[in-house]
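Summary of the model geometry
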Amino acid sequence: MNVLLTTITSLIMTYSMPTLPYAKDALAPIISQETIDFHYGKHLQTYVNNLSALVSGTPFEGKTVEEIVAVAPDGAIFNNAGQVLNHTLYFLQFTPQPEQNQPTGKLAEAIQRDFGNFENFKDEMTQAATSLFGSGWAWLAMNKDGKLVIVKEPNGSNPIRQGMKPLLGFDVWEHAYYLDYQNRRTDHLANLWKIIDWKVVENRM
Ligand code: MN
């Protein structure tokens, strides 16, 4: 009986994996298929499974991932929801063949307004990701006033927690790059700029 109830509950409340908009080997050598297999196939899948199991029977049951990340107290539900949200944004922001090597449209205008120019923004974002101590994320986010800011978040946190809109996220947990770059986080970050789908990022504004 308990087994049946557990099965029914898990069918009612489950979170799902984002569908990759590219083949698993398409981002190589910048992000190898092996890294996708582990990072997307194992790490993200585990966060999704954990979150689905953890929210069951809590006030968060039925809430979206964004709603959970915004208000959940520190702890397992928040950690797993944060990582589901972070990695969904992360994996969907890449493309093997970018149509443009930097933003256009309203994103380009906002970057120019708030960082002076694209190169300044790129340097600040890279600096944030490089200097983040331990595991975490560097984000380009839009604050409540519509201004673009760069935010460093520890572990699985996300700017949504501060009422901001996340636009572009760099994962600096070692699992994001260690198979391909070992300790060379800076080299990994330098290469990520070559596979960003700027239209996806702009559409998040
Ligand atoms: Mn990760």
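Here we summarise the structure given alongside this text.

What counts and what doesn't
- Residues numbered from 1 in each chain as written.
- Predicted model: local features only at pLDDT ≥ 70, side-chain atom pairs only at ≥ 80, totals over all residues.
- Heavy atoms only, no water.
- Helix = DSSP H or I, 4+ residues; strand = E, 2+ residues; numbered from the N terminus.
- Rg over C-alpha atoms; globule rule 2.2 N^0.38 Å.
- Phe/Tyr/Trp six-rings, centres within 6.5 Å; stacked < 30°, edge-to-face > 60°.
- Buried < 20%, exposed > 50% of the residue type's maximum accessible area, 1.4 Å probe, protein only.
- Lys NZ or Arg CZ within 6 Å of the ring centre and 35° of its normal.
- Lys, Arg positive; Asp, Glu negative; His and termini not counted.
- Salt bridge = Lys/Arg side-chain N within 4 Å of Asp/Glu carboxyl O.
- Polar contact = N/O pair within 3.5 Å; in protein donor to acceptor, adjacent residues only side chain to side chain.
- Expected span 1.5 Å × (residues − 1).
- Bend = angle between axes of the 7 residues up to and from the residue.
- Contact = heavy atoms within 4.5 Å.
- Donors = N, O, S within 2.8 Å, 3.2 Å for Na, K, Ca; no water.
- Pairing = 2+ DSSP bridges.
- Axes fitted to C-alpha atoms, helices over the stretch in contact; angles between N-to-C directions.

Before going further, it helps to examine the overall build of the chain. Scanning the chain from terminus to terminus reveals nine helices and three strands. Helices and strands appear in the chain in the N-to-C order α-α-α-α-α-α-β-β-β-α-α-α. On C-alpha atoms alone, the chain measures out to a radius of gyration of 17 Å, which is about the 17 Å that the 2.2 N^0.38 rule sets for 205 residues. C-alpha atoms of the chain, sized along the principal axes, occupy 60 × 40 × 30 Å.

Tallying each qualifying case throughout the model produces 13 aromatic pairs. Geometrically, the ring pair formed by phenylalanine 115 and phenylalanine 121 is tilted, given 5.3 Å between the ring centres and 50° between the ring planes. The class for phenylalanine 115 is buried, based on a relative accessible area of 8%. Classification of phenylalanine 121 by relative accessible area gives buried; the value is 0%. Sitting above the plane of the phenylalanine 78 ring, arginine 161 keeps its charged end 3.6 Å from the centroid.

Within the secondary structure, arginine 204 is located in the segment after helix H9 (198-203). For the buried arginine 204, no salt bridge exists, and the shortest N-O distance to an oppositely charged side chain is 8.9 Å, to aspartate 197. A polar contact is formed between the side chain of arginine 204 and the backbone oxygen of leucine 89, at a distance of 2.8 Å. A distance of 2.9 Å separates a polar atom in the side chain of arginine 204 from the backbone oxygen of leucine 167.

In this section: helix H2 (residues 33-55). Between the first and last C-alpha of H2 there are 31 Å, a value that for 23 residues agrees with the 33 Å anticipated at 1.5 Å per step. For H2, the principal kink sits at glutamine 45 and spans about 25°. Each element contacted by the buried residues of H2 is listed here: helix H3 (65-71), helix H4 (76-92), strand E3 (165-171) and helix H7 (178-181). With its phi angle positive at about 80°, glycine 57 sits one or two positions after the end of H2.

This part takes up the coordination of the manganese ion. Six octahedrally arranged donors around a metal ideally form angles of 90 or 180 degrees; four tetrahedrally arranged donors ideally form angles of 109.5 degrees. Bound to the manganese ion are the protein donor atoms His39 (NE2), His87 (NE2), Asp171 (OD) and His175 (NE2), situated 2.0 to 2.1 Å from the metal. Written as a sequence motif, the donor residues of the manganese ion are H-x47-H-x83-D-x3-H. With relative accessibility at 16%, the residue histidine 175 sits in the buried group.

Looking now at the sheet that holds strand E1 (residues 136-142). Judged by pairing direction, the sheet is antiparallel, and its three strands sit side by side in the order E2-E1-E3 without closing on themselves. Because the sheet does not close on itself, it has two edges, and the strands there are strand E2 (148-154) and E3. With direction set aside, neighbouring strand axes in the sheet form an average angle of 25°. Bridge count for E1 against E2 is seven bridges, and the pairing is antiparallel. Considered in E2, the bridge of leucine 140 is made with isoleucine 150. With respect to the sheet, H4 is in contact with E1 and E3, its orientation differing from that of E1 by roughly 70°.

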